[in-house]
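Each chain is listed here by its residues.
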Amino acid sequence: MRFDFLKALKSRMKAPLLFLIFIVSPLVALSQEEPEQEERITSRRSELWNGLYTKYRIGEKLFYYGEYHLRTRDQLVQNMGQIYLRFGLSYIINKNLEITGGIVTPFYWAPPEYADQELPYDKIVNQFRFWQQALFIQSLGKAKLYHQIRTEQRWRRDYYVGSPFELSYRWRYKISSYIPLNSYKFQPGTYFLSLYNEVFIQTGKTIIRNPFEDNRAFVGLGYILNENIQFQVGYAKSWQQRDSGINYNNRDLIRFSVYHNLDFTRKKKPPVDFQPVF
């Protein structure tokens, strides 16, 4: 009996332990860089990311999905960074699987160093993207584990005047968990711990030296105000490879997010299970 109990206990702890290792290992690796590798970091900066996430029910299993971001950088708020708009439609296949697709229109502000260049440049440039996503959901006791696979087709250009748009592809995998702290389930009044790690890979004819694009590790605290609104604040470490392939951006990101959910169907459906903020 004791052997069976220990075996069951090890089996139950295996998935959370693997998830914890996946979250923590990137931060540990960053803190243990060799001196030679640290010399490759060309930039370390702090950024403030504010995001509004919306999910509006327009059918029994169909939802409008929207993200609206305002991001500043350099000592958090010294310079404008991005306005980031993501739109899509989500379809719930079952309680454990959801698919989404749509378009993205981000606007980027040129970094301050462009002001020192002799060539004329545009202070703001935009991108055009299509995106697709699959979200797999697992329950681990009172916690939830999410596997997000996202692909993007991006038409990007440089800040210099007349630069052409070039097509590249981005591949993203995020593993995240939401753990209620003061109740057994997610309900109004619940505080929860939020953890994730996301890896970014890019491909295409123009991607030569930096197929690895970024790794982001996040820890945050959330609060569910009611069945329609939740808040989340936290810190993310971003390790971003630049076009040269040997230089990196080491970014400290403060994130504040609001999630808003509504049901526009005439016949109100039972509320959807807890919705994460990504």
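Only a predicted model underlies this, so the values are computations on that prediction, with no experimental measurement involved.

**A word on the nonpolar core**
The tendency in soluble globular proteins is for nonpolar side chains to be buried as a group.
Then comes step 1: Counting residues in hydrophobic clusters, the biggest one holds eleven residues: Tyr53, Tyr65, Tyr84, Val104, Tyr108, Ala110, Tyr114, Val125, Trp131, Tyr159 and Tyr259.
Then comes step 2: Look past the residues within four positions of valine 104 in its chain and what remains in contact with it is Tyr84, Leu85, Arg86, Gln127, Phe128, Arg129 and Trp131.
Then comes step 3: With seven residues, the next largest nonpolar core counts Leu135, Ile137, Tyr178 and Ile224 among its residues.

**Focus on the environment of valine 233**
Then comes step 1: Within the element layout of this structure, valine 233 appears in strand 12 (residues 229–241).
Then comes step 2: Taking the C-alpha atoms as reference, valine 233 lies 5.6 Å from arginine 255; in sequence the two are 22 residues apart.
Then comes step 3: Valine 233 has contacts with Phe218, Gly220, Leu221, Arg255 and Phe256, leaving out every residue within four places of it along the chain.

**Describing the environment of glutamine 153**
Then comes step 1: Note on placement: glutamine 153 falls in strand 8 (residues 143–156).
Then comes step 2: Taking the C-alpha atoms as reference points, glutamine 153 and glycine 204, 51 residues apart in sequence, are found 9.8 Å from one another.
Then comes step 3: In this view, glutamine 153 contacts Phe128, Arg129, Phe130, Trp131, Gln132, Leu167, Ser168 and Tyr169; residues no more than four positions away in its chain are not counted.
Then comes step 4: Of note is the side chain of glutamine 153, whose polar atom sits 3.0 Å from the side chain of glutamine 132.

**A look at a nonpolar patch on the surface**
Then comes step 1: Taken together, the side chains of Ile58, Leu62, Leu89, Tyr91, Ile93, Ile99 and Phe264 present a nonpolar region at the surface, about 620 Å² in accessible area.
Then comes step 2: The greatest single-element share of the nonpolar patch, amounting to three residues, is contributed by strand 3 (residues 79–94).
Then comes step 3: Looking at where phenylalanine 264 falls in the secondary structure, it is placed in the segment after strand 13 (248–263).
Then comes step 4: On the accessibility criterion, phenylalanine 264 (53% relative accessible area) is exposed.

**Describing the side chain of serine 90**
Then comes step 1: With respect to the element layout, serine 90 can be found in strand 3.
Then comes step 2: Judged by relative accessible area, which is 0%, serine 90 ranks as buried.
Then comes step 3: Within the local environment of serine 90, its side chain forms a polar contact with the side chain of threonine 100, the two groups lying 2.8 Å apart.
Then comes step 4: Among all residues touching serine 90, those that are not within four sequence positions of it are Lys55, Lys61, Leu62, Phe63, Tyr65, Glu98, Ile99 and Thr100.

**What to know about the environment of asparagine 197**
Then comes step 1: Within the secondary structure, asparagine 197 sits in strand 10 (residues 191–203).
Then comes step 2: In this structure asparagine 197 comes out as buried when scored by relative accessible area, which is 1%.
Then comes step 3: A distance of 3.1 Å separates the side chain of asparagine 197 from the side chain of asparagine 215, its partner in a polar contact.

**Some words on the pairing of strand 2 (residues 62–73)**
Then comes step 1: Two strands pair when backbone bridges link them, and strand 2 and strand 3 are joined in this way by twelve bridges, in the antiparallel orientation. Residue pairing in the sheet places arginine 73 in a bridge with asparagine 79 of strand 3.

**Some remarks on the packing of aromatic side chains**
Each aromatic ring pair is summarised here by two numbers: the centre-to-centre distance and the angle between the ring planes.
Then comes step 1: Scanning all chains against the criterion turns up 15 aromatic pairs.
Then comes step 2: A centroid spacing of 4.7 Å and a plane angle of 45° characterise the contact between tyrosine 191 and tyrosine 223, whose relative ring orientation is tilted. Highlighted residues: tyrosine 191 in strand 10 and tyrosine 223 in strand 11 (residues 212–224), separated in sequence by 32 residues.
Then comes step 3: Look at tyrosine 191 and you get partly exposed, because its relative accessible area is 40%.
Then comes step 4: Within the aromatic cluster, the residues linked to one another by ring pairs are Tyr114, Tyr121, Tyr159 and Tyr160.
Then comes step 5: Above the ring of tyrosine 84, the side-chain terminus of arginine 71 is found at 4.7 Å from the ring centroid.

About the thresholds
Residues numbered from 1 in each chain as written. Predicted model: local features only at pLDDT ≥ 70, side-chain atom pairs only at ≥ 80, totals over all residues. Heavy atoms only, no water. Core = buried A, V, L, I, M, F, W, Y, C linked by side-chain atoms within 4.5 Å. Buried < 20%, exposed > 50% of the residue type's maximum accessible area, 1.4 Å probe, protein only. Contact = heavy atoms within 4.5 Å. Helix = DSSP H or I, 4+ residues; strand = E, 2+ residues; numbered from the N terminus. Polar contact = N/O pair within 3.5 Å; in protein donor to acceptor, adjacent residues only side chain to side chain. Patch = residues over 30% accessible without salt bridge, like charges linked within 9 Å, V, L, I, M, F, W, Y side chains within 5 Å. Areas by Shrake-Rupley, 256 points an atom, 1.4 Å probe, with all protein chains shown as cover. Salt bridge = Lys/Arg side-chain N within 4 Å of Asp/Glu carboxyl O. Pairing = 2+ DSSP bridges. Phe/Tyr/Trp six-rings, centres within 6.5 Å; stacked < 30°, edge-to-face > 60°. Lys NZ or Arg CZ within 6 Å of the ring centre and 35° of its normal.

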